[in-house]
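# Results of the structural survey
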Amino acid sequence: LHLDSAAPRTVVQNPSSDFFICWSPDGRSILYNSEVNDTVSNYYSNNRIFIRNLTSGTTREIFTTVDEDKQVIDWNASGIYYSYIDKMRNRVFRFNPSNGEKQEINTGLELPAGASLSRDGRQMAMTGRHYDQLNEVWTGNPETGFRKITDMSAQIAQWPTPVNEVITWKSQ
């Protein structure tokens, strides 16, 4: 929407679905999910994520080497935080959109889940667990580590918990 004229402007329009994710920290770009031209397998294929520069009108796809559904957590001054499930664990990364470098954030958890970051990216709160626990709330610095601030798992401390294992086989 042009503020001076109140005239709307289409920013992204593809034959399939397009979904806004978030603004860049400087407000000059958006992050969005799109299936682009795929109107057939878009319901079960891996999602695609793009950065659209609103000034230049250029678009570029990011996370192209990740062969899983990506979930963007936040885009702040320190980068784009995202996660995806890798076999039996959820992994969290920070992506630098300027140079394409990614760094894994060591959460210390097998299943980190919902997260929120401070504007500068120096503090993070998240929920998550190990397989033998209930979800807990964790907080800390993505560079130095996290500490648990709840203890929901105490109520099941004496319960038998499952052993998780990966079973693989050769497909025909």
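Here goes a summary of the coordinates provided. (Residues numbered from 1 in each chain as written. Predicted model: local features only at pLDDT ≥ 70, side-chain atom pairs only at ≥ 80, totals over all residues. Heavy atoms only, no water.)

### So, the environment of V92
Of note, V92 is situated in strand β7 (residues 89–95). For the pair formed by V92 and Q71, sequence separation is 21 residues and the distance between their alpha carbons is 9.3 Å. Excluding residues that lie within four positions of it along the chain, V92 makes contacts with I73, Y82, S83, Q103, E104, I105, T107, P112 and M124. (Helix = DSSP H or I, 4+ residues; strand = E, 2+ residues; numbered from the N terminus. Contact = heavy atoms within 4.5 Å.)

### Some remarks on the sheet that holds strand β9 (residues 111–117)
If you walk across this open sheet you meet the four strands as β9-β10-β11-β12, and the pairing is antiparallel. The sheet is open, and its two edges are formed by β9 and β12 (145–148), each paired on a single side. Looking at each pair of strands side by side, their axes are set apart by 30° on average, direction ignored. (Pairing = 2+ DSSP bridges. Axes fitted to C-alpha atoms, helices over the stretch in contact; angles between N-to-C directions.)

### Examining the nonpolar core
For soluble globular proteins, the rule of thumb is that nonpolar side chains tend to be buried together. Formed by 13 residues in total, the largest nonpolar core has its most connected members in L31, I62, F63, I80 and Y82. Among the elements that line this core, the one with the most residues is strand β6 (residues 79–86), at three residues. The residues contacting Y82, other than those within four sequence positions of it, are F63, V66, K70, Q71, V72, I73, R91, V92, F93, F95 and K102. Within the second largest apolar cluster, nine residues are counted, among which are V92, L109, M124 and F146. (Core = buried A, V, L, I, M, F, W, Y, C linked by side-chain atoms within 4.5 Å. Buried < 20%, exposed > 50% of the residue type's maximum accessible area, 1.4 Å probe, protein only.)

### Let's talk about the pairing of strand β8 (residues 102–105)
Of the pairings in the sheet, the one linking β7 to β8 comprises four bridges and is antiparallel in character. The residue of β8 that forms the bridge with F93 is E104. What sits between β7 and β8 in their antiparallel hairpin is a turn of six residues, with G100 showing a positive phi close to 80°.

### Considerations on the pairing of strand β3 (residues 48–53)
Where strand β2 (residues 29–34) lies against β3, six bridges are found, and the strand directions are antiparallel. What sits directly across from S29, in β3, is N53. Taking the residues between adjacent antiparallel strands as the criterion, β3 and strand β4 (residues 59–62) are bridged by five residues, where G57 takes a positive phi near 80°.

### A look at the pattern of salt bridges
Inspection of the entire model under this criterion finds eight salt bridges. For D86, the salt bridge identified is with R91, shortest N-O distance 2.7 Å. A residue is classified by how much of its surface remains accessible, and D86, at 28% relative accessible area, is partly exposed. R91 sits in the buried class, given a relative accessible area of 18%. (Salt bridge = Lys/Arg side-chain N within 4 Å of Asp/Glu carboxyl O.)

Nothing here speaks to function; it is geometry throughout.
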